[in-house]
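Fold and contact review
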2 protein chains.
Amino acid sequence: MQIIKKIRKKTTFSHMIKVVVLGAGNVGYHLFSAMHKHPQINVVQWYNKSISPIEPFEDQTVITTDINTITTADIYLICVADSAIAQLSNQLSHRKGIIAHTAGSIAMEQLNTHKHYGVFYPLQSFSKQREIDFSNLPFCLEASDQQSLNKLEQLAVYLSQNIHRVNSQQRKTLHIAAVFVNNFTNHLYAIGEKICEENDLPFAILEPLIIETAKKIEQLSPKDAQTGPALRNDQKTIDNHLVQLSPNLEKLYNNLTQSIQQHYGQ
Amino acid sequence: MQIIKKIRKKTTFSHMIKVVVLGAGNVGYHLFSAMHKHPQINVVQWYNKSISPIEPFEDQTVITTDINTITTADIYLICVADSAIAQLSNQLSHRKGIIAHTAGSIAMEQLNTHKHYGVFYPLQSFSKQREIDFSNLPFCLEASDQQSLNKLEQLAVYLSQNIHRVNSQQRKTLHIAAVFVNNFTNHLYAIGEKICEENDLPFAILEPLIIETAKKIEQLSPKDAQTGPALRNDQKTIDNHLVQLSPNLEKLYNNLTQSIQQHYGQ
């Protein structure tokens, strides 16, 4: 199915960047929204394999579900699942523009069938329900050549003040760090939620503590902010906690306690 | 050493509560500061075993290092280390007012040598370097009798809108939950910091992600907010991450991944 509709074109400025967005998951959706708002970025087309996520935006850009109708642009931003990046990239042959993916853990070289390619990785956790402040969003950039890097940087500068050149190996480790501070941290929140539920307490009671713990790192290194029974080697409190936990949580509590003590050379 | 100085007394209102603060660690310091500011709370004395933390406040209240000079008050707030609470409590014999401690994991019954006693536990992570917004700070209250509970509640209401009646068992489990969402979470941030350092990346690059992960729970249950390779059973990404980690972090990564998968019944 080919879907192309005429839309009102943006006035073109000399430094205007033409972008095609490919994919309409969380990253594609938020990047489209932020770029569409910017007067110097022209999102000339939005591709997605199914129509429903992009259909509500047909008044804002050209939408399509047919990869063979992709138009000409300066930058093609691939925002699909990690496992689908290489295949989609291969379908975009013979392009003058830069093919860039937006994934944390995929090597740039997966795109090396193109002349110009790169990575445009926004280091954030996106949900469609939540607006993201792009002005401080860290963009991690990498490119096959200096000219492409400059172009990706130009696009990033329009969106954010927080731009980093990050090679594939750094980005891979950054993605691991993100798993710790995002996925695993959220799981610790979920454990807190479960403990509250099991004891007739509202989870909201922990919210101010969770927010303060996160905000503290803006001022203090987490290494210096560490407190608690593990750090002060308070075995009495640790033992008191352990006897109250289920076997699974007991194992995790022990492991995290040991990890803290190793971190501080105890 | 006995140190008592005349200070200008607050004008006394009918509903004014007289408080003695005992201890000048992080909790004592922040409670003193918040209560001192309030027109209907009169901190009549601040005790600490050493003079230096309280000396700068001698113009704001009566300070003392001599437990035998403690004056009369409606509420005596014990803000000392867990292991020192019982002993300090025993030194405060023959008091009409309420003896309350401020600790998460100490049973109220440690104070049961008194006629009126209770718990006034502020569920937050205090550092002297950071101001705390008291207006939403969760206070967990418990008391030996209804009259004492009402009095503690009256004090808490002056400071915050977020007040809970929490029994000793609930408070004990709440303290464990706080270890997960505060101490352990901060340790995950420290791991992120270490990974950044080892790869020539500024830790600040992870800050927006850390803040967003925390703020998301104001809108979304952490159970529903969970994302990442563990949840979607993405063994390829998990294996890619594991080979890059040191043995200690590998163990922790595996354990957290298993815990997430158990949490969602995988």
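Right, let's talk about the relation of the copies chain B and chain A for a bit. Rotating chain B by 180° about the axis while translating it 0.0 Å along that axis superimposes it on chain A, leaving an RMSD of 0.0 Å. Interpreted geometrically, this transformation is the action of a two-fold axis. If distances are taken from each C-alpha of chain B to the rotation axis, the shortest is found for B:T185, at 2.8 Å. A symmetric contact is evident, with 100% of the interface residues of chain B recurring at the interface of chain A.

Let's shift gears to the pairing of strand β2 (residues 41–47) of chain B. Residue and element names in this part refer to chain B. For β2, a buried count of 7 out of 7 residues is recorded, marking the element as mostly surrounded by other parts of the structure. Alignment of strand β1 (residues 17–22) against β2, held across 6 bridges, turns out to be parallel. Note on β2: the bridge partner recorded for L22 is Y47. Following the chain from β1 across helix α1 (residues 26–37) to the adjacent parallel β2, one finds a crossover that is right-handed. Where β2 and strand β3 (residues 62–64) come together, 3 bridges link them in parallel fashion.

Here we take up empty space enclosed by the protein. Counted by the stated rule, this structure contains 3 cavities of 30 Å³ or more. The space that makes up the largest cavity amounts to roughly 60 Å³. Along the walls of the largest cavity sit A:S125, A:N182, A:N183, A:N186, B:T213, B:K216, B:A225, B:Q226 and B:T227, which together make up its complete lining. Every element with two or more residues in the lining of the largest cavity is listed here: α4 (168–198) of chain A together with α5 (207–216) of chain B. Residue contributions to the lining of the largest cavity peak at 3 residues, all from α4(A).

Another aspect to go through is the interface of chain B and chain A. With 87 residues of chain B in contact, the opposing surface of chain A contributes 87 residues. Summing both partners gives a buried area of about 8700 Å² for chain B against chain A, and 64% of it is carried by carbon and sulfur. For the interface between chain B and chain A, the tally reads 2 salt bridges. For B:R130, the salt bridge is made with A:E212, and the minimal N-O distance between the two is 2.8 Å. Applying the counting criterion to the chain B and chain A interface returns 40 residue pairs in polar contact (both at pLDDT 80 or more). When residues of the side of chain B that touches chain A are traced back to their parent elements, those giving at least two are α4 (168–198), α5, α6 (222–225), α7 (235–242) and α8 (247–263) of chain B. Ranked by residue count, the leading element in the side of chain B that touches chain A is α4(B), at 27 residues. By residue class, the composition of the side of chain B that touches chain A is 41 nonpolar, 34 polar and 12 charged.

Moving on, we come to unusual backbone geometry. Its identity as a non-glycine residue notwithstanding, A:N233 has a phi of 55°, on the positive side. Relative to the assigned elements, A:N233 resides in the loop between α6 (222–225) and α7 (235–242). The backbone phi angle of B:D200 is positive, close to 55°, even though this residue is not glycine. Along the chain, B:D200 falls in the loop between α4 and α5. You can call B:D200 exposed: its relative accessible area is 71%.

In this structure, A:L22, A:F180, A:L206, B:L22, B:F180 and B:L206 are the most contacted members of the largest nonpolar core, which totals 108 residues. When neighbours within four sequence positions are excluded, A:L206 is seen to be in contact with A:G192, A:C196, B:L123, B:L174, B:A177, B:A178 and B:V181.

How each quantity is defined
- Residues numbered from 1 in each chain as written.
- Chains lettered and ligands numbered in written order.
- Predicted model: local features only at pLDDT ≥ 70, side-chain atom pairs only at ≥ 80, totals over all residues.
- Heavy atoms only, no water.
- Least-squares fit on C-alpha atoms with pLDDT ≥ 70 in both.
- Contact = heavy atoms within 4.5 Å.
- Buried < 20%, exposed > 50% of the residue type's maximum accessible area, 1.4 Å probe, protein only.
- Helix = DSSP H or I, 4+ residues; strand = E, 2+ residues; numbered from the N terminus.
- Pairing = 2+ DSSP bridges.
- Right-handed = clockwise from strand over helix to strand, strands pointing away.
- 1 Å grid on protein atoms, 1.4 Å probe; cavity = no way out; pocket = protein on both sides within 12 Å on 5 of 7 lines; lining within 4 Å.
- Points joined across faces, edges and corners; volume = space filled by probe spheres on them.
- Buried area = accessible area lost by both parts, 1.4 Å probe.
- Salt bridge = Lys/Arg side-chain N within 4 Å of Asp/Glu carboxyl O.
- Polar contact = N/O pair within 3.5 Å; in protein donor to acceptor, adjacent residues only side chain to side chain.
- Nonpolar A, V, L, I, M, F, W, Y, C, P; charged D, E, K, R; others polar.
- Core = buried A, V, L, I, M, F, W, Y, C linked by side-chain atoms within 4.5 Å.

By themselves, these observations are geometric and do not establish any function.
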